[in-house]
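Here is how the chains run, residue by residue.
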Amino acid sequence: MLRVNNIKKHFQQQAAVDGLSFEVQPGEFFGLLGPNGAGKSTTIHMISGIMPPDDGSIYIGSDNLYNNTSSLKHQMGVVPQEIALYDNLSALQNLIFWGGLYVHDAQRLKARAEALLEWVGLSDRKKDLVQHYSGGMKRRVNIAAALMHDPQLILMDEPTVGIDPQSRNKIYEMLTELHRQGKTIIYTTHYMNEAEQMCDRIGIMDHGKLLAIGSLDSLRNAHAGDTSIAIRLQQSILPDNLPKNMSLHYDTDLLELTLTSENPHKDLGDIIHHLHLLEVAIDSIQFHRADLETIFLNLTGRTLRD
Amino acid sequence: MWKLASKDLYLFFYDKKALALTLLLPIGLITLFAFAFGGAGGEKNEPSPITLQFTDEDQSPASKALLASLDSIPGIRLEEVADQVGTNQIKKGARIAQLYIGNGFDKELGTGGALPVALRYDQSREMEVSILRSLIIGRIGKMQGSRQADTGVDRIIAQSFPNMPAAMVDTIKRQMQATGATETHISMSSVVGEEQSNWGLIQAVAGTAIMMLLFSVSAIGASIIEEKEQGVLKRLLQSPLSPTSILSGKLLSAGIIAVFQLVIMFLFAWLAFGLDLTINPIGTVLMILFTAVTCASFGVLLASIVSSKRQADSLGTILVLSMSGIGGSMIPLYIMPAFMQDIAVVSVNYWSIQGFYDIYWRGLGLTALWDNLLVLLGFSVVLLTLAFYFFRKNILKFD
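Keep in mind that this is a model prediction, so the values were computed, not measured.

Draft legend 1. Representation of the overall build of chain B within the structure. Regarding its fold elements, chain B presents 15 helices and five strands. In chain B, buried positions account for 48% of the 399 residues. Summarising the internal contacts of chain B: among those between residues at least 6 apart in sequence, 78% fall at separations of at least 24. Split by element, the accessible area of chain B, about 19,300 Å² in all, is 64% carbon and sulfur.

Dropping the structure here:
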């Protein structure tokens, strides 16, 4: 569906995107995860056809985007990071206006706008001016405006920034539904949980470069590092009695052993056997799987929020 | 309190271009009005000479003496024309007045009878015409007094004091000539605007309408900047619309609003003040359309060369007030110094106002408007070319 080949973009000799390459398959939900300033929005601008790359190419299907921009834009719907709506028009008027840039059948436009407003849960407020909407409601209309022409490829640039958890969950439901319908979605975010929850594959960006790409599991396997296991004991133990050949940390207050291991199953068996010999009872065992924050930390040496 | 103030001061000084424009506005206006009212330039700021056309059919020593006397006045420049040509020049607004000296001027000068002298003029140039009238009447009066003194004294002395010495006769004549003028009448006729009761109405309507229109289209143009700041412009560009289509759409809306605004203003002038819109309806429609397109082009150019809403507001105000001041929207051109009148041609206001003067004051037909319409069209082409260039260069930058 989308092929990005070694694209580069500089602003005043500073690389915003530096040799980015990836492919997105039809129907795939692809996330671009990275901190602010990583180059995600610049990438979306280039893919949406408003900012030609300084170098490299972008293909939609078999067509080079910048050789046939106007026609290929019909296949895309873009949800910008900003709430790009006319405040003094109603939600219905906004959708009809934005849809009218692609579709010229007035009846079809109105029907589509009504259906989308129903879908985003705003049909009872459709004639209210957008300026009277809450942030979450505006975000939903912002998404609906990009879907008016029923595009196959949807580009979303941090569409949940600055809204309450309830509205965010509603948007997650909408995106899941779009994914289920087979839409191809490219989604930028700096929220790990969004990427973990919704994306089939994730590309991790920093300083304009793609550091890693793959499914969450493959990223974990490749970049998560050692698994961490927390073993809560029922009674205290003398630290000197712990095995010396393992990476173990003992919290005497919590009576908790933390085991970090490249081979967690073998090492866990050994420690359980060791504790059994010492007649120390185990209260609970918890595996901590590496999340995207940890993966990002391992890749860059800093957290997503840094 | 200081924190609030320091934040506001920081924001005020942050946008350097906007700050410069904010300061330039009052400086520009002070300069403009200083020149307009003759307060700048010191002694070098000479008033512009008034061109007086003349037609001398008498070709007598007296008529030539009168013209020589007028020509010696520093503020007056004489220009000889054929009778009808001079009148047409006034009708077209190219000249203010024409002095007509008919046959028999020399003969009637000493008799005290009606002189064959007429001053034809453009009533809208009241101030200059008053000056000319005073000067002409003063000069003729003096000549008349002198001639009457000569002939009258000779006759009386010959009848009553035939033996008076010649030297004494000369002294009496000189004293009578010095007391000079007798009451002098010349024919005065306005050759333009005879059917109009108030030329000031045209100045007020056209001048104000165009100035306010420029403010309106500046605001429409600035909406492009607002849309950029809100992210709406980016979204428009992400649609299949081309940048050219987007700017053309803005131009179209600005043009339609400009036409609407001008139509409403002229209708108001008709209903409230009786401006006769039937004088040249096609000319009126053309002038409104061309003025609207030119002003709309100015609006989109303004939006294309600034990078923030504040810059658009400041620069828009500076340019609109400057063009309006120079072009005669705020002050009638004829009271400005000569060089200000010369530079008025760079202003959209000038060509529009003069066009409406041609229609409503001078009562000229369509052909007289071509110059104004062509210049306005030229303005539009230049402004739009620059607007499209700068739109692509400045507005389409996203980072």
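Draft legend 2. Structural context of the packing of aromatic side chains. Following the criterion strictly, the structure yields 11 aromatic pairs over all chains and no others. Ring centres of B:Tyr350 and B:Trp351 lie 5.1 Å apart, and the angle between their planes is 90 degrees; this geometry places the pair in the edge-to-face category. Clustering of aromatic rings is evident, with ring pairs tying together A:Tyr86, A:Phe97 and A:Trp98. Of note, B:Arg120 hangs over the ring of B:Tyr100, and the distance from its end group to the ring centre comes to 4.8 Å. Over the ring of A:Trp98 we find B:Arg235, and its NZ or CZ is 5.4 Å from the ring centre.

Draft legend 3. Focus on the side chain of A:Thr184. All names here are of chain A. Tracing the backbone through its elements, the reader meets Thr184 in strand E8 (residues 184–189). Overall, Thr184 belongs to the buried group, its relative accessible area being 0%. Beyond its immediate chain neighbours, meaning those up to four positions away, Thr184 contacts Met1, Val24, Gln25, Pro26, Gly27, Glu28, Gln152, Leu153 and Ile154.

Draft legend 4. Inspection of the environment of A:Leu178 at higher detail. Residue and element names in this part refer to chain A. Checked against the element boundaries, Leu178 lands in helix H6 (residues 165–180). Under the relative-accessibility criterion, Leu178 is labelled buried at 3%. Those residues in contact with Leu178, other than ones at most four positions away along the chain, are Trp119, Leu147, Ile154, Met156, Lys183 and Ile185.

Draft legend 5. Representation of the interface of chain A and chain B. Contacts between the two partners involve 23 residues from chain A, matched on the other side by 14 residues from chain B. Interface area for chain A against chain B, summed over the two sides, is near 1,700 Å², with a carbon-plus-sulfur share of 60%. Between B:Lys234 and A:Glu82 there is a salt bridge; the shortest N-O distance is 2.9 Å. Listed by contribution, the elements that provide at least two residues to the side of chain A that touches chain B are helix H2 (69–73), strand E6 (76–79), helix H3 (91–100) and helix H5 (135–146) of chain A. In terms of residues, the side of chain A that touches chain B owes the most to one element, H5(A), which gives three residues. Split by residue class, the side of chain A that touches chain B holds 16 nonpolar, five polar and two charged.

Draft legend 6. Geometry of the pattern of salt bridges. Residues and elements named next belong to chain A. Using the criterion set out here, one finds 19 salt bridges over all chains in the structure. Here Arg201 ties to Glu28 by a salt bridge, and the two come within 2.4 Å at their closest N and O atoms. With Arg201 in strand E9 (residues 201–206) and Glu28 in the loop between strand E2 (14–24) and strand E3 (29–33), this pair connects stretches of sequence that are 173 residues apart. Sharing partners across several salt bridges, the network here consists of Lys110, Glu114 and Lys126.

Draft legend 7. Expanded view of the pairing of E2(A). Residue and element names in this part refer to chain A. Pairing of strand E1 (residues 2–11) with E2, which is carried by eight bridges, proceeds in the antiparallel orientation. What sits directly across from His10, in E2, is Ala15. Hairpin connection, E1 to E2: the antiparallel pair is bridged by two residues, and Gln12 has positive phi, about 50 degrees.

Draft legend 8. Here's a closer look at the confidence of the model for chain A. Per-chain confidence: chain A averages 87 in pLDDT, with 97% of residues scoring 70 or above. Per-element confidence in chain A is highest for E6(A), whose mean pLDDT is 94, and lowest for helix H10 (residues 292–300) of chain A, whose mean pLDDT is 76.

Draft legend 9. Representation of H6(A) within the structure. Residues and elements named next belong to chain A. Taking 1.5 Å per residue as the helical rise, H6 with its 16 residues ought to reach 22 Å, and the 22 Å between its terminal C-alpha atoms agrees with that figure. Where H6 is concerned, the buried positions are Ser167, Arg168, Ile171, Tyr172, Met174, Leu175 and Leu178. Considered in projection along H6, the buried side chains sweep an arc of 165 degrees and stay on one side of the axis. Facing away from the buried side of H6 by more than 90 degrees, the exposed set consists of Pro165, Gln166, Glu173 and Arg180. In this fold, the buried residues of H6 make contact with E3, helix H4 (106–119), H5, strand E7 (153–157), E8 and helix H7 (192–198).

Draft legend 10. Spatial organisation of the domain arrangement of chain B. All names here are of chain B. Taken domain by domain, chain B consists of domain 1 (14–40 + 197–398) and domain 2 (50–192). At the junction of the two partners, domain 1 supplies seven residues and domain 2 supplies 11 residues. Of the roughly 830 Å² buried between domain 1 and domain 2 on both sides combined, carbon and sulfur atoms contribute 58%. If you sort the residues of domain 1 by the area they bury against domain 2, Tyr334, Trp361 and Arg362 come out on top, with a joint share of 68%. On inspection of domain 1 and its partner domain 2, the count reaches zero salt bridges. Applying the counting criterion to the domain 1 and domain 2 interface returns one residue pair in polar contact (both at pLDDT 80 or more). Split into classes, the residues belonging to the side of domain 1 that touches domain 2 amount to five nonpolar, no polar and two charged.

Draft legend 11. Expanded view of the environment of A:Leu259. All names here are of chain A. Mapped onto the fold, Leu259 is located in strand E13 (residues 256–261). Through-space distance from the C-alpha of Leu259 to that of His223 is 18 Å; in sequence the pair is 36 residues apart. Ignoring anything within four residues of it in the chain, the contact list for Leu259 reads Thr227, Ser228, Ile229, Met246, Ser247, Leu248, Asp267 and Leu268.

Draft legend 12. Spatial organisation of the sheet that holds strand E14 (residues 282–288) of chain A. Residue and element names in this part refer to chain A. Here we have four strands laid out as an open sheet, ordered E12-E13-E11-E14, and antiparallel in their pairing. Each edge of the open sheet carries a strand with a single partner, namely strand E12 (247–251) and E14. Along the sheet, successive strands turn relative to each other by an average axial angle of 20 degrees, direction set aside. Of the strands in this sheet, strand E11 (227–233), E12, E13 and E14 are in contact with helix H9 (residues 264–277), which crosses E11 at around 20 degrees.

Draft legend 13. Structural view of the sheet that holds strand E2 (residues 76–80) of chain B. Residues and elements named next belong to chain B. Strand order across the open sheet formed by five strands is E2-E1-E3-E4-E5, with mixed pairing between neighbours. The sheet is open, and its two edges are formed by E2 and strand E5 (187–192), each paired on a single side. Taking the axes of each pair of neighbouring strands and ignoring which way they run, one obtains an average angle of 25 degrees across the sheet. Relative to E5, strand E4 (residues 117–122) runs parallel, the two being bridged by five bridges. From the neighbouring strand, Ala118 faces E5, where its bridge partner is Ser187. With respect to the sheet, helix H3 (residues 61–71) is in contact with strand E1 (50–56), E2 and strand E3 (97–101), its orientation differing from that of E3 by roughly 155 degrees. Each of E1, E3, E4 and E5 touches helix H4 (residues 83–91); the most contacted strand, E3, lies at about 160 degrees to it.

About the criteria used
- Residues numbered from 1 in each chain as written.
- Chains lettered and ligands numbered in written order.
- Predicted model: local features only at pLDDT ≥ 70, side-chain atom pairs only at ≥ 80, totals over all residues.
- Heavy atoms only, no water.
- Helix = DSSP H or I, 4+ residues; strand = E, 2+ residues; numbered from the N terminus.
- Buried < 20%, exposed > 50% of the residue type's maximum accessible area, 1.4 Å probe, protein only.
- Contact = heavy atoms within 4.5 Å.
- Areas by Shrake-Rupley, 256 points an atom, 1.4 Å probe, with all protein chains shown as cover.
- Phe/Tyr/Trp six-rings, centres within 6.5 Å; stacked < 30°, edge-to-face > 60°.
- Lys NZ or Arg CZ within 6 Å of the ring centre and 35° of its normal.
- Buried area = accessible area lost by both parts, 1.4 Å probe.
- Salt bridge = Lys/Arg side-chain N within 4 Å of Asp/Glu carboxyl O.
- Nonpolar A, V, L, I, M, F, W, Y, C, P; charged D, E, K, R; others polar.
- Pairing = 2+ DSSP bridges.
- pLDDT = per-residue confidence, 0-100.
- Expected span 1.5 Å × (residues − 1).
- Arc of directions from axis to C-beta.
- Domains from an automatic or database assignment.
- Polar contact = N/O pair within 3.5 Å; in protein donor to acceptor, adjacent residues only side chain to side chain.
- Axes fitted to C-alpha atoms, helices over the stretch in contact; angles between N-to-C directions.

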